[in-house]
Amino acid sequence: MSNYSVKGHSDCPICEENTTYHQLKHGRKISYIGHRRFLKRNHPYRRLKKAFNGSHEEKNAPPPLTGEEVYNRVCNVNVTFGKTQKKNIVKNIWKKKSIFFELPYWSKLDVRHCKDVTHVEKNVCDCIIGTLLNIKGKAKDGINARKDLVEMGVHLELQPQHHGKRTYLPPLCHTLSKFETLSFCGCMRGVKVQQGYSSNIKSLVSMQDLKLMGLKSHDCHVLMLDLLLVAICGILPKNVRHVIYPCIFFNAICRKVIDPNSLDGLENEAIIILCQLEMYFAPSFFDIMVHLIVHLLSDA
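Residues numbered from 1 in each chain as written. Predicted model: local features only at pLDDT ≥ 70, side-chain atom pairs only at ≥ 80, totals over all residues. Heavy atoms only, no water.

Caption draft 1: A look at the packing of helix H4 (residues 178-189) against helix H5 (residues 217-232). Across the interface, H4 lies against H5 with an axial gap of 9 Å and an inter-helix angle of 135°. For the element pair H4 / H5, the angle class is oblique. Taken as a pair, H4 and H5 cross one another with a handedness that is right-handed. Contacts from Phe-184, Cys-187 and Met-188 of H4 reach H5 at Leu-223, Leu-227, Leu-228, Ala-231 and Ile-232. Counted by class, the contact of H4 with H5 contains 8 nonpolar, no polar and no charged residues. (Axes fitted to C-alpha atoms, helices over the stretch in contact; angles between N-to-C directions. Helix = DSSP H or I, 4+ residues; strand = E, 2+ residues; numbered from the N terminus. Parallel < 35°, antiparallel > 145°, perpendicular 65-115°, else oblique. Left-handed = near helix turned anticlockwise from the far one by under 90°. Contact = heavy atoms within 4.5 Å. Nonpolar A, V, L, I, M, F, W, Y, C, P; charged D, E, K, R; others polar.)

Caption draft 2: Spatial organisation of empty space enclosed by the protein. Summed over all chains, the structure comprises 1 cavity of 30 Å³ or more. When its volume is computed, the largest cavity comes out at roughly 40 Å³. Every residue along the wall of the largest cavity is listed here: Asp-126, Ile-129, Gly-130, Ile-135, Lys-138, Leu-212, Met-213, Gly-214 and Leu-215. Considering every element that reaches the lining of the largest cavity, the biggest residue donor is helix H2 (residues 117-132), with 3 residues. Its residues assigned to classes, the lining of the largest cavity shows 5 nonpolar, 2 polar and 2 charged. (1 Å grid on protein atoms, 1.4 Å probe; cavity = no way out; pocket = protein on both sides within 12 Å on 5 of 7 lines; lining within 4 Å. Points joined across faces, edges and corners; volume = space filled by probe spheres on them.)

Caption draft 3: Spotlight on the packing of H2 against H5. One way to put it is that H2 packs onto H5 with a least axis distance of 9 Å and a crossing angle of 45°. Between H2 and H5, the angle is such that the two are oblique. Relative to H5, the crossing made by H2 is left-handed. Counting all contacts with H2, which are made through Thr-118, Glu-121, Lys-122, Val-124, Cys-125, Asp-126, Ile-128, Ile-129 and Leu-132, the residues of H5 involved are Ser-217, Cys-220, His-221, Leu-223, Met-224, Leu-225, Leu-228 and Ile-232. Residues belonging to the contact of H2 with H5 are distributed by class as follows: 11 nonpolar, 3 polar and 3 charged.

Caption draft 4: Representation of a nonpolar patch on the surface within the structure. A cluster of nonpolar side chains, Ile-99, Phe-100, Leu-103 and Tyr-105, forms an exposed patch at the surface whose accessible area comes to about 390 Å². Note on Ile-99: relative accessible area 65%, which makes it exposed. (Patch = residues over 30% accessible without salt bridge, like charges linked within 9 Å, V, L, I, M, F, W, Y side chains within 5 Å. Areas by Shrake-Rupley, 256 points an atom, 1.4 Å probe, with all protein chains shown as cover. Salt bridge = Lys/Arg side-chain N within 4 Å of Asp/Glu carboxyl O. Buried < 20%, exposed > 50% of the residue type's maximum accessible area, 1.4 Å probe, protein only.)

Caption draft 5: The arrangement of the nonpolar core in detail. Of all hydrophobic cores here, the largest spans 66 residues; its most connected members are Phe-184, Met-188, Leu-212, Leu-228 and Phe-249. Counting residues per element, the ones that place at least two in this core are H2, H4, H5, helix H7 (246-253), helix H8 (263-280) and helix H9 (288-291). With 9 residues, H8 is the largest single contributor of residues to this core. In contact with Met-188, not counting residues within four places along its chain, are Ile-201, Lys-202, Val-205, Leu-212, Leu-223, Leu-227, Leu-228 and Ala-231. (Core = buried A, V, L, I, M, F, W, Y, C linked by side-chain atoms within 4.5 Å.)

Caption draft 6: Broad picture of the pattern of salt bridges. Taken as a whole and judged by the stated rule, the model has 5 salt bridges. A salt bridge links Glu-16 to Arg-73; the shortest N-O distance between them is 3.0 Å. Of this pair, Glu-16 sits in the segment before strand S1 (22-23) while Arg-73 sits in helix H1 (residues 67-74), and the two are 57 residues apart along the sequence. Under the relative-accessibility criterion, Arg-73 is labelled partly exposed at 29%. Linking Asp-126 and Lys-122 is a salt bridge whose minimum nitrogen-to-oxygen distance equals 2.9 Å. Here Asp-126 pairs with Lys-122, and both are found in helix H2, just 4 residues apart, close to one helical turn.

Caption draft 7: Here's a closer look at the side chain of His-295. Checked against the element boundaries, His-295 lands in the segment after H9. We classify His-295 as buried; its relative accessible area is 6%. Excluding residues that lie within four positions of it along the chain, His-295 makes contacts with Cys-12, Ile-14, Cys-15, Phe-38 and Lys-115.

The structure is reproduced here in structure tokens:
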């Protein structure tokens, strides 16, 4: 609606210039980590060093932009449509002024937009499934991700090990063996649901390639709500299963009825989930869609 730029180091429209990012040297992508600053000041995660980036977290969460601040950024933005026109040399994160700012009350609203929960949920689901099953092009772990860990000086025990012409990657806590991958895909292959609940999950599973393909938004929604936790229940230990907590979080916020008094607790839970994911997943896992989990309940 505001044509906010989604490329660069300030992809988050809530944090904007205060977005915490890390430019990955080997993965050549931007990682949005550092979610400990959203925790309470006395939270024990803030004092952990080895599990995160090797230092304590002293920063506070950035204040969200108000409607007046956004209006001051876009009020003088002039947009010229057409491909033949020369591009504006002055770079601005906000590309145009939304027509809704013509309403006298729009800049005074606390919630001026709504993030697409389904879009965020699908991207997070693709990240988790692709990483667990090591799907080519979707997995967030690999030799470049391990080199970035070495570059950042964290989890050095996971650095690539070269044995002649071969490179060995030490397994992560969520790395599945061939047998566990077969068990995961076999569980999905045997799923039977009632008509209208979801698409035919069986047709989305490739036992030959050991991957899930052709997932639609609603399929990801069903996976995150019910099926994923069932599939990993027998193949991952309890403490590792708790790392995949976005499933439970999305299950809570996608209910038909939500108690308003529980929103603060859910927001704190979302922050803890992201911090736990930072402990066990490579920095390449944290794209902008994963980061937006921390802001989903700000629109509620």
